[in-house]
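Coordinates in review
Residue strings, one per chain:
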Amino acid sequence: MPLDAADLSALIGLCREEIELHCEHLGRLDSAIGDGDHGANMRRGLEAVYRERDAISVLPLPAALERIGLVLVMSIGGAAGPLYGTLLMELGRGLAARDLAARELAVRELDAREEETDFAAVLAVAVTAVARRGRSGPGDKTLLDVLYPVQAELASHAAPVRIAECARLAARGTEMMLARRGRASYLGERSIGHEDPGASSCALLTMTICHYFKEQAPS
Amino acid sequence: MPLDAADLSALIGLCREEIELHCEHLGRLDSAIGDGDHGANMRRGLEAVYRERDAISVLPLPAALERIGLVLVMSIGGAAGPLYGTLLMELGRGLAARDLAARELAVRELDAREEETDFAAVLAVAVTAVARRGRSGPGDKTLLDVLYPVQAELASHAAPVRIAECARLAARGTEMMLARRGRASYLGERSIGHEDPGASSCALLTMTICHYFKEQAPS
Amino acid sequence: MTRILHAAETAVAQSLAGFVAAHEELVTFGRDDKFVRRRTLSPGKVAVISGGGAGHEPLHCGFIGVGMLDAACTGHVFTSPTPDQILAAMDETDTGAGCLLVVKNYDGDVMNFEMAAEMAADRHRIETVIVEDDAAYGPSVRSRGRRGVAGTMVVEKLLGAAAERGEDLAGLKALGEGLSGRLRSMGVALRGVTLPDNTRETFALGPDEMEIGVGIHGEPGLYRTGRAGADEIVRLLCEPVLAQLSPLTDARPLLIVNGFGGTPPIELHLAHNLTRAFLRQHGIVPARALVGTFVTSLDMAGLSVTLALLTPEEFALWCAPVTTPTLVW
Amino acid sequence: MTRILHAAETAVAQSLAGFVAAHEELVTFGRDDKFVRRRTLSPGKVAVISGGGAGHEPLHCGFIGVGMLDAACTGHVFTSPTPDQILAAMDETDTGAGCLLVVKNYDGDVMNFEMAAEMAADRHRIETVIVEDDAAYGPSVRSRGRRGVAGTMVVEKLLGAAAERGEDLAGLKALGEGLSGRLRSMGVALRGVTLPDNTRETFALGPDEMEIGVGIHGEPGLYRTGRAGADEIVRLLCEPVLAQLSPLTDARPLLIVNGFGGTPPIELHLAHNLTRAFLRQHGIVPARALVGTFVTSLDMAGLSVTLALLTPEEFALWCAPVTTPTLVW
Ligand SMILES: Nc1ncnc2c1ncn2[C@@H]1O[C@H](COP(=O)(O)OP(=O)(O)O)[C@@H](O)[C@H]1O
Ligand SMILES: Nc1ncnc2c1ncn2[C@@H]1O[C@H](COP(=O)(O)OP(=O)(O)O)[C@@H](O)[C@H]1O
Ligand SMILES: [Mg+2]
Ligand SMILES: [Mg+2]
Ligand SMILES: [Mg+2]
Ligand SMILES: [Mg+2]
């Protein structure tokens, strides 16, 4: 589904609301195995993006995503800032590169399914960039443990509800993991039994986006 | 009743035990309207005297009392140190002066009643010295509110039980007073409703001494 | 000590030993460890001596050194030192010009220093300056005057600098007394003090309460009220201070924001900034400001604001060089 | 802030403003208040830049000045600063010899400084020294290495002194990395941290509990145990430190006893004295000791012990003159 300015603006607003709603919950998750600020950090980031939403949503999608990433990096700080920032900046850059390549070779427009495949490929690259930034990988009990399965679902053309459900379960699945990255890793065994706050915020945002796509999808 | 070395040593031991027993209680009284250390302060003083009891109790009574006062001054600190110290040092000095005067004029030995009158007079001077040291007077909610009535009872030849009871009631009587000296005075109206810790320790010591005299008195 | 448990009787001595070991180039123990003194004395200079109960560190020992104190006597926690300590300090640091005693106005401190001064009257020339800067208690409330709190460090700094410059005993006494109307402090506690002997707090505050007008001995303050925001706290502290300060033309205002032991630097600097804003609204711009933990009440959470309206000469004494464990400039 | 309530979003900015106002002869805000820097830069000297989340004061801003840092970037409480702050600091303080970034080893700090360094790679020569001195976490437990805690101030002091002396970027990097095996710290918390946003503690300790191996972000430590006496606490802190330090012949041991924000000087000096006694039993006599509140975790009660086995040259750098808001000698 192509995103126009109204979609993007609406999505920014919805993501901000979602984080606001779960701000305390994210803080509490982070208190248990980190330093308790993940909710406040994410809120600060989403508020900054929200303040710029008018300027952002009129940009072409790749530029808009890259801009969102930069705003997140420059406002969140902590671990979450560079990670979410890298994700969106790389997504934007990847899409821009794809558009450029597509335009150069362009014989015909891509159909929706091809576009999805393409997007999944770009996302895969972006997720890899996040992993490189965090020097981390699957099973480390981080937001990557949501990003990897979400990307995989997308690559297999799952429906939005399916992807949302996958994100939710993936976040919950971090509960039993032993943290090997971020502040939670200082707890060693004691990190087991608590859901990772970054995975949780990542699932919330994924679910919000999927929900929007489901609602907007031509039925 | 004349005090010999055994009496003095026994009294020192009893006073020390009494303070030890009520140390926490005195601390709690001081926490309510002061800084919470009166029990610990008094214990430190009595322990110091107890450590020197052998050397002290062989001294003539006036010298023994003066020495006890000095040990208290040099070990207690805070407000209680100079006050109890002044009381005992002045008592000792007053008795020494009386003994000297008596020896000079001495026609005959004093009888018990005369001796008591004499002691009451010396105590009155010592209590006045305490008041001067503390720049305080009756009704200020301090140990003086026990010392004044105890001195008056002694002057009127009251029996030990009577004096002990008077001390107990006098200490309790400070509960309703508004403190005008010491740390409790910073509380103003809020000092009302709590017994003064210094008055309380003074009553405890008075009662201990009176009890000893009662037990020892020829029945 | 309070939280770091250690036998209460030896904790103060241990802590003093740790302090002296950390600053051995500047300070050393006096005879029988009864007090702490400068390593090197200046012959012919008045000896400036202070002291008080433990639990207020870095006051007083942290202010021993060139340009400030010659010796400090430490008592047990919240308990005035005893006369023998003060006597020993006078005997060892009086190099001929006499001793100036700086005493915080608490009955216990006043009486112990007074007894020491009486006992040494035959062998030392002695003057005493009583510090009473606490704006929480006007003399009307208590005939014995105000408490000495964080303003004590201002008196010690000015007298120390003047003594270093060669001021005599009478001059120092006059300087100290001249300051008293122009020096006020006011404190707030946000959590009571844990006493060393027991883990009980001297006054327990609920998480939504604060105690205004506290001193530095864990004694309760002037009144208790609901926890207010930082702006309101600053107003509650500054208003009584301003109301009680004697005005002075051509004043050099000195501001001190002092932490009570359990409040970290980030909060003190926040309060400092708000205090400056409040003072600015009242036409006062500090010529100097000092923010930190200087006069504590064990681990009490909270802080005090001290304002001193200094004459240009007094301000010069404040700015004069100082080399102590706590202040160096 | 934590106890002195103030809107969490503006509290850090207010506190920084209060800090700068208190030390305006030494420091000033950089562009758009994004960082704090020395008032006067030395052209041709490598710019030593550090930073991290707020809540650790006086680290890092309190160490800006001659002989130590050129600039420090402060993030929100316990949150790394963002790359734009670090970029602005590099742009404003690099006088030609490049920038040395001193970064505590937390994923957030490392990533933000790294992004800034990548973004500025075209216009600045940059080297980064990662501090990882926390003895609570050996590299075996966590492949990403130890946390950076109170030892950070040692690295900042030595690199600052070396930069002042004219050391180049490569030399500073080598100096910082050479130190890492000989610098260890270990901390204990006796009461958790109250977060500014809410009055909740990040980890709640009972009055009879303590948390060993804590860091400086209110995160729980290595293990929790019953409250021990001061001697035992010192042993629990010193043993892992000693076990992990690489031995060095002719070492000059530097000892730092650091308070976490809620622990008063009297307790720190007590712990210092007991630590000296413990070290003496293990054949170590500190050549220098520093006791105070330097690297905090808001108002957390507790302290850390840092031991650095310095070479004679490194020790000379430690002793070299320094003029900052926090350290002056
Ligand atoms: N090295 C890393 N790689 C991937 N994700 C990480 C890493 N470090 C932390 N995270 C993620 O960041 C989250 C914490 O973010 P946040 O609380 O905002 O930052 P901070 O840890 O700096 O306080 C963690 O829950 C985890 O999901
Ligand atoms: N100025 C004074 N005159 C007489 N008694 C006083 C005075 N100041 C204090 N006291 C007495 O001393 C007691 C407190 O002693 P203590 O707690 O040992 O000393 P501090 O107040 O220095 O902690 C008070 O309860 C009171 O009885
Ligand atoms: Mg966090
Ligand atoms: Mg008391
Ligand atoms: Mg006391
Ligand atoms: Mg954080």
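Refer to the preceding data block for the structure.
Residues numbered from 1 in each chain as written. Chains lettered and ligands numbered in written order. Predicted model: local features only at pLDDT ≥ 70, side-chain atom pairs only at ≥ 80, totals over all residues. Heavy atoms only, no water.

What follows concerns the interface of chain D and chain C. The interface is formed by 49 residues belonging to chain D together with 49 residues belonging to chain C. Counting the surface lost from both chain D and chain C, the interface buries some 4,100 Å², and carbon and sulfur atoms represent 65% of this. Between chain D and chain C we count zero salt bridges in total. Viewed at the interface, chain C and chain D are joined by ten residue pairs in polar contact (both at pLDDT 80 or more). Every element with two or more residues in the side of chain D that touches chain C is listed here: helix 1 (8-22), strand 7 (183-191), helix 6 (230-244), helix 7 (265-281), strand 11 (288-292) and strand 12 (301-310) of chain D. Tallying contributions element by element places helix 7 of chain D first for the side of chain D that touches chain C, with nine residues. In terms of residue class, the side of chain D that touches chain C is made up of 25 nonpolar, 16 polar and eight charged. (Contact = heavy atoms within 4.5 Å. Buried area = accessible area lost by both parts, 1.4 Å probe. Salt bridge = Lys/Arg side-chain N within 4 Å of Asp/Glu carboxyl O. Polar contact = N/O pair within 3.5 Å; in protein donor to acceptor, adjacent residues only side chain to side chain. Helix = DSSP H or I, 4+ residues; strand = E, 2+ residues; numbered from the N terminus. Nonpolar A, V, L, I, M, F, W, Y, C, P; charged D, E, K, R; others polar.)

The next subject is the coordination of the magnesium ion (ligand 5). For the magnesium ion (ligand 5), the protein coordination sphere consists of D35 of chain B (OD), D37 of chain B (OD) and F78 of chain C (O), at 2.1 to 2.2 Å. The two metals, the magnesium ion (ligand 5) and the magnesium ion (ligand 4), are separated by 3.5 Å and share D35 of chain B as a common coordinating residue. Taken together, the residues D37 of chain B in the loop between helix 1 (5-33) and helix 2 (38-51) and F78 of chain C in the loop between strand 4 (71-77) and helix 2 (83-93) connect one chain to another. Across the pair, exposure class does not vary: D37 of chain B and F78 of chain C are buried alike. (Donors = N, O, S within 2.8 Å, 3.2 Å for Na, K, Ca; no water. Buried < 20%, exposed > 50% of the residue type's maximum accessible area, 1.4 Å probe, protein only.)

Residue and element names in this part refer to chain A. Surrounding the magnesium ion (ligand 3) are the protein donor atoms D30 (OD), D35 (OD) and D37 (OD), which sit 2.1 Å from the metal. For the magnesium ion (ligand 3), the single-chain donor residues occur in sequence as D-x4-D-x1-D. Separating the magnesium ion (ligand 3) from the magnesium ion (ligand 6) is a gap of 3.5 Å, which D35 spans by donating to each of them. This pair shows no difference in class: D30 is buried, exactly as D35 is.

Successive side chains on a regular strand alternate, one facing one side of the sheet and the next facing the other. Residues and elements named next belong to chain C. Most of strand 10 (residues 252-259) is tucked away: seven of the eight residues are buried. Bridge analysis of strand 10 against strand 12 (residues 301-310) gives eight bridges, and the strand direction is antiparallel. Bridge pairing in strand 12 places R252 opposite L310. Here strand 10 runs beside strand 11 (residues 288-292); their pairing, made up of five bridges, is parallel. The partner of N258 across the bridge, within strand 11, is G292. Crossover connection from strand 10 via helix 7 (residues 265-281) to parallel strand 11: handedness right-handed. (Pairing = 2+ DSSP bridges. Right-handed = clockwise from strand over helix to strand, strands pointing away.)

Its 14 residues give helix 2 of chain B an end-to-end C-alpha distance of 20 Å, which sits within 8% of 20 Å, the value for a rise of 1.5 Å per residue. Counting buried positions over the 14 residues of helix 2 of chain B gives ten, a clear majority of the element. All buried positions along helix 2 of chain B are accounted for by H38, G39, A40, N41, M42, R44, G45, L46, A48 and V49 of chain B. The elements touched by buried residues of helix 2 of chain B are helix 1, helix 3 (53-57), helix 4 (61-76), helix 5 (80-105) and helix 9 (197-216) of chain B together with strand 4 of chain C. (Expected span 1.5 Å × (residues − 1).)

Taken by themselves, the reported measurements are silent on function.
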